Amino acid sequence: GTSAEERLKYKYILYEAARADASLMARIKWVKLKRSNRAVEKVLRSYSGTVDRLLDICRHCIIFDTVADLTACLRAIQRDPHVIILRVKNRLDPAYDSRVSAGYRDVALNLRIVTPETTQFGFDTHVCEVQLILLQFAQRKSAEGHKLYVKFRNIRAE
C-alpha cells in the first residue's frame, strides 16, 4: 500500500486549477534537465557514442485521465504552426511490445519550437521531448517505480 503522505506527494491536479491557487502552483514538479552522467551513459549504451541521437536532455510530461484527452492534446500540438515534430514514439500502440519498457507506456514527442523569439535567441534548433502520459502510468513513475525501471534498464544495458 501507499502511505497517505506519499499519495499526497503524488497528487495530480489540472494545471488550470493549480494556476488559481498559489500553494498548488508551488507544488508543481518541474522536470530538471537530464543529469550529465545519465546522458553520457545513454549515449554510450543506447547510441554507440553518437551524441546527436540524444534528444531528451530537456523534457517534460503532460498527464491525462483518458486516451481521448491525450489524443486531443497531441492533435493540438500537431496543429500548432510554431511546433515542428521531429519524431513520435507511440508506446500506446497495441503493437508496441511493452516488455522492452518494463510495462511502461506513453507517447513521446521530440519537437522544436520555432517562433521569432526562439529564432532571435538561437533556440529554434533546440530539440526537446514532451511525454504524453496516462494517469495510471504516471502513478507508476513514482520514486519507487522509477527505481525499478532503472534496475530494468541497467539489466538491459540501456
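Everything in this summary refers to the structure shown in the same document.

**A short note on helix α5 (residues 67-79)**
A rise of 1.5 Å per residue sets the reference length of α5, with its 13 residues, at 18 Å; its end C-alpha atoms lie 18 Å apart and thus fit the reference within 8%. Each element contacted by the buried residues of α5 is listed here: β1 (59-64), β2 (83-90), β3 (107-113) and β4 (128-134).

**Things to note about unusual backbone geometry**
Phi is positive for Ser48, which is not a glycine, with a value near 50°. With respect to the helices, strands and loops of the structure, Ser48 is situated in the loop between α4 (36-46) and β1. Classification of Ser48 as exposed rests on a relative accessible area of 70%.

**Some words on the nonpolar core**
Residues Phe64, Leu70, Ile77, Leu109, Leu111 and Leu132 are the most contacted members of the largest nonpolar core, which totals 17 residues. The set of elements that each furnish at least two residues to this core consists of α5, β3, β4 and α7 (135-140). It is β4 that provides the largest number of residues to this core, a total of five residues. For Leu111, the contacting residues outside a window of four places in its chain are Ile77, Val83, Ile84, Ile85, Leu86, His126, Val127, Cys128 and Val130.

**A look at the sheet that holds β3**
Strand order in the open sheet formed by four strands is β1-β4-β3-β2, and the pairing between neighbours is mixed. Looking at which strands have only one partner, the edges of the open sheet turn out to be β1 and β2. Each strand axis lies, on average, 25° off the axis of its neighbour in the sheet, ignoring direction. Bridge count between β3 and β4: five bridges; the pairing is antiparallel. Considered in β4, the bridge of Val107 is made with Leu132.

Thresholds applied
Residues numbered from 1 in each chain as written. Predicted model: local features only at pLDDT ≥ 70, side-chain atom pairs only at ≥ 80, totals over all residues. Heavy atoms only, no water. Helix = DSSP H or I, 4+ residues; strand = E, 2+ residues; numbered from the N terminus. Expected span 1.5 Å × (residues − 1). Contact = heavy atoms within 4.5 Å. Buried < 20%, exposed > 50% of the residue type's maximum accessible area, 1.4 Å probe, protein only. Core = buried A, V, L, I, M, F, W, Y, C linked by side-chain atoms within 4.5 Å. Pairing = 2+ DSSP bridges. Axes fitted to C-alpha atoms, helices over the stretch in contact; angles between N-to-C directions.

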